[in-house]
Amino acid sequence: TYPMQGDSWHLWRTVRPELLMSSPTPVNPDCFTNFCGRKNREDNKALRMMFNRLKKNVIPGFAHFLDQHSEDDPTVESRLSIMMHRHGINMRFLGIVGRAVTGTRVRRVIISEIVARVLKHDLRKRWRNQVDKGQSSSLAYATRAVLVFNYLLIRSPESDDYWEKTVGPGIRECFIGAIALKGDQSWQKLVDKQAVARRLTQMAGIVWVRWPTQVLAERDKLMSPDILDIKERIKGGSVVPPECNPGYSFMIEALRTDHTPLKIACLKSASDSFEKCLAVRLGTHPGVLSSSGDAQLELSSFLQFFPSRAALERAENAYRRALCVRPQWKEILQRLGDVHVAQSKLSRVHETAVRLRARAGARYLQALCFQWELDNSVKGVKLHRLDHLFALPRGDLAAVSMASARFTDFKTVNFSTTKEVGASALRRGAANKKPVLVSLSVAGCLNFDDDVLKYIAKKCTNTLRSLDMSHCLKIGTEGISAVALLTGLTKLILDRATGVDDPALRLVFKECNKLEHLSLRDLPRVTNISVNYIGKFINTIQFLDISNTPQLTGSIFNEVAQMCPRFRVARGDGCYLIDDVPLITMGRCCKTIEEVSLANCVKITSLALRGIANKCKMLTTINLAGCIKIDDAALGCLCEKGAFPNLQNIDLTSCDMLTSDAVVDLANAIPRLRQLRLGKVTQISERAIDRISQICRRLEDLALDSCVGCTVEATSQVARRCTELKILSLSNCPLVDDTTLSSISLCLSGLTHLDLSGCKMITDKTLAGVVKANTALTHLNLYGCPKLGNRSLQALGEHCAELKYFSMAVTSAVQDKGVMRLVSGCPMLQDLYMTNCPQISQEIKGLIRMQMPWLNVVT
């Protein structure tokens, strides 16, 4: 019936049965549907004719009846709905009826009925919101009821605002033709407020201690104790049924405990409890369906490959059933997107993973659109259809990257995981009509060029604060010059954007004087001519990375250390022109430095560390890997008492001039170390390694590559004492054998990176034990271990589902069976190195490349 404003309103805006019975011609109940049948035009025409008869004959006749018999009838107020229904008129046509009557009193009664029904809808909405928040007490119901009655009966600025923003729009939305009854007057002057209060009290089931007008005669407003009882209760869909209390208790216990087996048992018990509730009588309860899906989703992260996939399927089924009951449930849409993300990670086919990510992005986007509609409806803003967002092609939906970098609005956008996204999608996703973008990442995007950057910089001039353009090879001088428009920029990343040059950077540094985070890695065309502008115009730098930019010298660090009082992180790895002077300047001018990374800066000597000792006391990380001039004197500076009280991470890889005595002194001076990398420091003895394991027991990252002191006893002591290790590298330590691996399997359970390349004495038996104990392994290097074979690969496939990098080359014991066990059991695998393995057939290599195109296989 009129008006048909939505695609599915025919399902609930129906005609009265009294009108249908009085129709001279039959009417098809499937009118205005997609399944109406072949005679849909005739059937729709019959329904239109019946509605026209209602509008032109029935409603005018009923209005004449009211004028004749209800002008002096005191019961018309309470009997109006009954009389309209007897004539076959829906209550939503009260506005049309009021426009047809001529009597003043009857029109006033109709207007009062309209307002009372709008207030009833608003009161019920308030009750539903309170129930959704878990407030179901009688006091909460009464508080919201007296608030609406105060707005109705008391004239105040809040009341005027309520009538203007709630009552008026509610009348226009629910009652067609009612706007004609208003004229030039306000709704407050047209209605009989006492009649409205009586009807609202009746429809809402409110029992008053004293009638509101009597109360208001004594005090200024109504209060909650004035309501004796409310007979009508609103039941929200999210209220927890008592039958589900055991399930929620198990869920709470699972969230509290850190013991993985107990957590899994609690989640399984919670899931079983919710399933029993759904099977008995709560099969359509959205709260129980949502809780069942939550339990399965949480449980899937602790299971192996196939059980995890089954749990995700059950979670998806529960969430879809909840959406059938309550379609616009934003939280469930987001969780359903989380399910698709998890499914994509477990998918073995690249195309399926991409499709699941696109589906997850669509779910997140749908939830975002519903939230927009809710916000706009609350603010009274006119809504616009958002269907065009769902017309995006699959590539663009995946490009929005909601599946891997979720966001709830467009203040943060990450395109870095979808490098093939088109230029139009970049513009559409990054800059809206009303730009609110704060952070944008387009790292590696192949189509991000100067035109796109200039468009975004122009649209988001006043909002953008963070911009990541690393690996964007199409960016040139024009695009970088446009960045100068972003004067409020605080974070800028240009790593490997090889088109960046000095003229554009000079303009950026001159205009963007609020930069705090700046990364200029691997820029071959950038020199000191532009970078020196940083010290001249910017005094807010906290993070500066110029690693592997060959033409830069240490002068930039000198300038920043003197001009930026909050300078914290300095990285210049691979800049071979940097010498001791920058560190000496930092020690003199910059006491806030926390991290210094100068790997492969071959000019660095012990004088640099002498310059910052006892001065930069906030230093936590120092990386001097490949600084071949670092000797015992440099470690002596680190060992001075109180020189670096916060130092926790040290990387001295390839500093081959260091001796065992200096390393022992370092361990004695800094027992709180979290990271110690001594790879290729060949002079370290067994005594030094034993001392490290004895004192530095909080180590999480330890590298002892090619150290002659890595004996069986020393490495076993490392495993027994440093039980918090997550990264361990023992590559090219020929004395490491099964005894060491047995100690690792017994004492270490949190390893994520393990390097045993070149350890030729280890065997399958002990390595399988290490794998079973460390299921969180993501990187494993077994290059050049000839005694390892299919058994090790089978253990990896059974226990290490999160493995991403694996290398097992130069061995003849690995066969096709072991490789397939590994690949099928490790769905997250990205890099597989199996060179010089003659027992692996070409057919298996081709099959892996064909079925797993995302896997980088080197054979």
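Reading the values: the criteria
- Residues numbered from 1 in each chain as written.
- Predicted model: local features only at pLDDT ≥ 70, side-chain atom pairs only at ≥ 80, totals over all residues.
- Heavy atoms only, no water.
- Helix = DSSP H or I, 4+ residues; strand = E, 2+ residues; numbered from the N terminus.
- Buried < 20%, exposed > 50% of the residue type's maximum accessible area, 1.4 Å probe, protein only.
- Contact = heavy atoms within 4.5 Å.
- Areas by Shrake-Rupley, 256 points an atom, 1.4 Å probe, with all protein chains shown as cover.
- Disulfide = S-S within 2.5 Å.
- Core = buried A, V, L, I, M, F, W, Y, C linked by side-chain atoms within 4.5 Å.
- Phe/Tyr/Trp six-rings, centres within 6.5 Å; stacked < 30°, edge-to-face > 60°.
- Patch = residues over 30% accessible without salt bridge, like charges linked within 9 Å, V, L, I, M, F, W, Y side chains within 5 Å.
- Salt bridge = Lys/Arg side-chain N within 4 Å of Asp/Glu carboxyl O.
- pLDDT = per-residue confidence, 0-100.
- Axes fitted to C-alpha atoms, helices over the stretch in contact; angles between N-to-C directions.
- Parallel < 35°, antiparallel > 145°, perpendicular 65-115°, else oblique.
- Nonpolar A, V, L, I, M, F, W, Y, C, P; charged D, E, K, R; others polar.
- Lys, Arg positive; Asp, Glu negative; His and termini not counted.
- Polar contact = N/O pair within 3.5 Å; in protein donor to acceptor, adjacent residues only side chain to side chain.
- Expected span 1.5 Å × (residues − 1).
- Arc of directions from axis to C-beta.

> Just checking my understanding: could you explain the overall build of the protein chain for this structure?
When helices and strands are tallied, the protein chain shows 36 helices and 20 strands. Counting all 859 residues of the protein chain, 51% fall into the buried class. In the protein chain, of all internal contacts separated by at least 6 residues, the share reaching a separation of at least 24 is 73%. In the structure as shown, the protein chain presents an accessible area of about 39500 Å², 52% of it carried by carbon and sulfur atoms.

> Help me out: how do you make sense of the state of the cysteines in this one?
Defined simply, a disulfide is a covalent bond joining two cysteines at their sulfur atoms. Within this structure, the stated rule accounts for 0 disulfides. The thiol sulfur of Cys655 is not disulfide-bonded, and the nearest other cysteine sulfur, from Cys627, lies at 5.9 Å.

> Looking at this structure, how should I read the nonpolar core?
A general feature of soluble globular proteins is that nonpolar side chains tend to end up buried together. Counting residues in each nonpolar core, the largest one holds 152 residues, and the members touching the most others are Phe448, Met469, Phe567 and Phe806. Once residues lying within four places of it in the same chain are set aside, the contact partners of Phe567 are Ile541, Gln542, Leu544, Phe557, Val560, Ala561, Met586, Cys590, Thr592 and Ile593. Cys31, Val76, Ala178 and Trp208 belong to the second-largest nonpolar core, a separate cluster that totals 65 residues.

> Please explain the side chain of Asn558 as it appears in this structure.
Residue position: Asn558 is located in helix H25 (residues 555–563). Setting aside residues no more than four positions away along its own chain, Asn558 makes contact with Val581, Pro582 and Thr585.

> Whenever I open this one, the environment of Met49 confuses me. Can you help?
When you line up the elements, Met49 lands in helix H2 (residues 40–69). Separated by 26 residues in the primary sequence, Met49 and Ser23 place their C-alpha atoms 9.7 Å from one another.

> Please explain the packing of aromatic side chains as it appears in this structure.
Where two aromatic rings form a pair, the distance of their centres and the angle of their planes describe that pair. Evaluated as defined, the whole model comprises 9 aromatic pairs. Ring centres 5.5 Å apart and planes at 70° place the aromatic pair Trp127 and Tyr141 in the edge-to-face group. Remark: Tyr141 occurs in helix H6 (residues 138–153) and Trp127 occurs in helix H5 (residues 104–132); sequence separation between them is 14 residues. Each member of the pair Trp127 and Tyr141 is classed as buried.

> I tried to follow a nonpolar patch on the surface on my own but got confused; where do I start?
A contiguous nonpolar surface patch, about 270 Å² in accessible area, is contributed by Tyr576, Val602 and Ile628. Examined against the element boundaries, Ile628 turns out to sit in the loop between strand E11 (621–623) and helix H28 (632–639).

> Explain helix H35 (residues 816–825) to me, please; I cannot follow it from the model alone.
Think of an α-helix as 3.6 residues a turn; residues three or four steps apart then line up on the same face. Within H35, burial applies to Gly818, Val819, Leu822, Val823 and Gly825. Contact partners of the buried residues in H35: helix H34 (790–799), strand E18 (805–807), strand E19 (831–833) and helix H36 (842–851).

> I would appreciate a short explanation of the environment of Ala497 in the present structure.
Summarising the element assignment, Ala497 is placed in the loop between strand E6 (491–493) and helix H22 (502–511). A sequence separation of 26 residues divides Ala497 from Leu523, and the C-alpha atoms of the two residues are 6.6 Å apart. Excluding its chain neighbours within four sequence positions, the residues that come into contact with Ala497 are Met469, His471, Cys472 and Leu523.

> Help me understand the confidence of the model for the protein chain in this model?
Segments scoring low in pLDDT should not have their predicted coordinates read at a detailed level. Predicted confidence across the protein chain gives a mean pLDDT of 84, with 88% of residues reaching 70 or more. Segment residues 233–239: pLDDT under 50, and 18 contacts once partners within four positions in sequence are set aside and those in other chains are kept.

> Just to check I follow, could you spell out the pattern of salt bridges for this structure?
Following the criterion strictly, the structure yields 22 salt bridges and no others. Where Glu113 meets Arg199, a salt bridge forms, and the shortest distance between an N and an O atom there is 2.8 Å. In this pair, Glu113 sits in helix H5 while Arg199 sits in helix H10 (residues 193–204), placing the two residues 86 residues apart along the sequence. A salt bridge links Asp545 to Arg521; its shortest N-O distance comes to 3.0 Å. Within this pair, whereas Asp545 is found in strand E8 (residues 543–545), its partner Arg521 is found in the loop between strand E7 (517–519) and helix H23 (528–531), the two being separated by 24 residues in sequence.

> Whenever I open this one, the packing of H6 against helix H7 (residues 157–174) confuses me. Can you help?
Pairs of packed helices are described in terms of their axes, by the angle between the two and the distance that separates them. Taken N-terminus to C-terminus, the directions of H6 and H7 make an angle of 95°; their axes are 8 Å apart at the nearest point. The angle between H6 and H7 places the two elements in the roughly perpendicular class. Counted together, Val148, Tyr151 and Leu152 of H6 and Glu158, Ser159, Tyr162 and Trp163 of H7 form the full contact between these two elements. In the contact of H6 with H7, the residues fall into 5 nonpolar, 1 polar and 1 charged.

> Which parts of the structure should I look at to understand the packing of helix H31 (residues 712–721) against helix H32 (residues 738–747)?
Put simply, H31 and H32 touch, their axes get as near as 8 Å, and they point 5° apart. With respect to each other, H31 and H32 are oriented roughly parallel. Here H31 contributes Val712, Thr715, Ser716, Ala719 and Arg720 to the contact with H32, which in turn contributes Thr739, Thr740, Ser743, Ile744 and Cys747. Along the lines of polarity and charge, the residues of the contact of H31 with H32 split into 4 nonpolar, 5 polar and 1 charged.

> Even after reading the chapter, I still don't get unusual backbone geometry, so can you show me in this structure?
Generally, phi is negative for residues other than glycine and the peptide bonds are trans, each holding for most cases. At Asn600, a position not held by glycine, the phi torsion is positive, near 65°. Structurally, the position occupied by Asn600 is in the loop between strand E10 (595–597) and helix H27 (606–612). On the basis of relative accessibility, which here comes to 46%, the residue Asn600 falls in the partly exposed class. Phi at Asn836 is positive, roughly 55°, even though this residue is not glycine. Relative to the helices and strands, Asn836 resides in the loop between E19 and H36.

> Would you mind going over the side chain of Asp495 with me for this structure?
For Asp495, the position within the fold is in the loop between E6 and H22. Here Asp495 occupies a buried position and makes no salt bridge, while the nearest side chain of opposite charge, Arg521, is found at 4.4 Å. There is a polar contact of 3.2 Å between the side chain of Asp495 and the backbone nitrogen of Arg521. When near neighbours in sequence (up to four residues on either side) are disregarded, Asp495 contacts Met469, Ser470, His471, Ser519, Leu520 and Arg521.

> Can you walk me through helix H15 (residues 305–325) in this structure?
For H15, which comprises 21 residues, the first-to-last C-alpha distance of 31 Å matches the rise-based estimate of 30 Å (1.5 Å per residue) to within 8%. Restricting attention to buried positions, one finds in H15 the residues Phe305, Ser308, Ala311, Leu312, Ala315, Glu316, Ala318, Tyr319, Ala322 and Leu323. Seen along its axis, H15 keeps its buried residues to an arc of 170°; they face one direction. Pointing more than 90 degrees away from the buried face of H15 are the exposed residues Phe306, Glu313 and Cys324.

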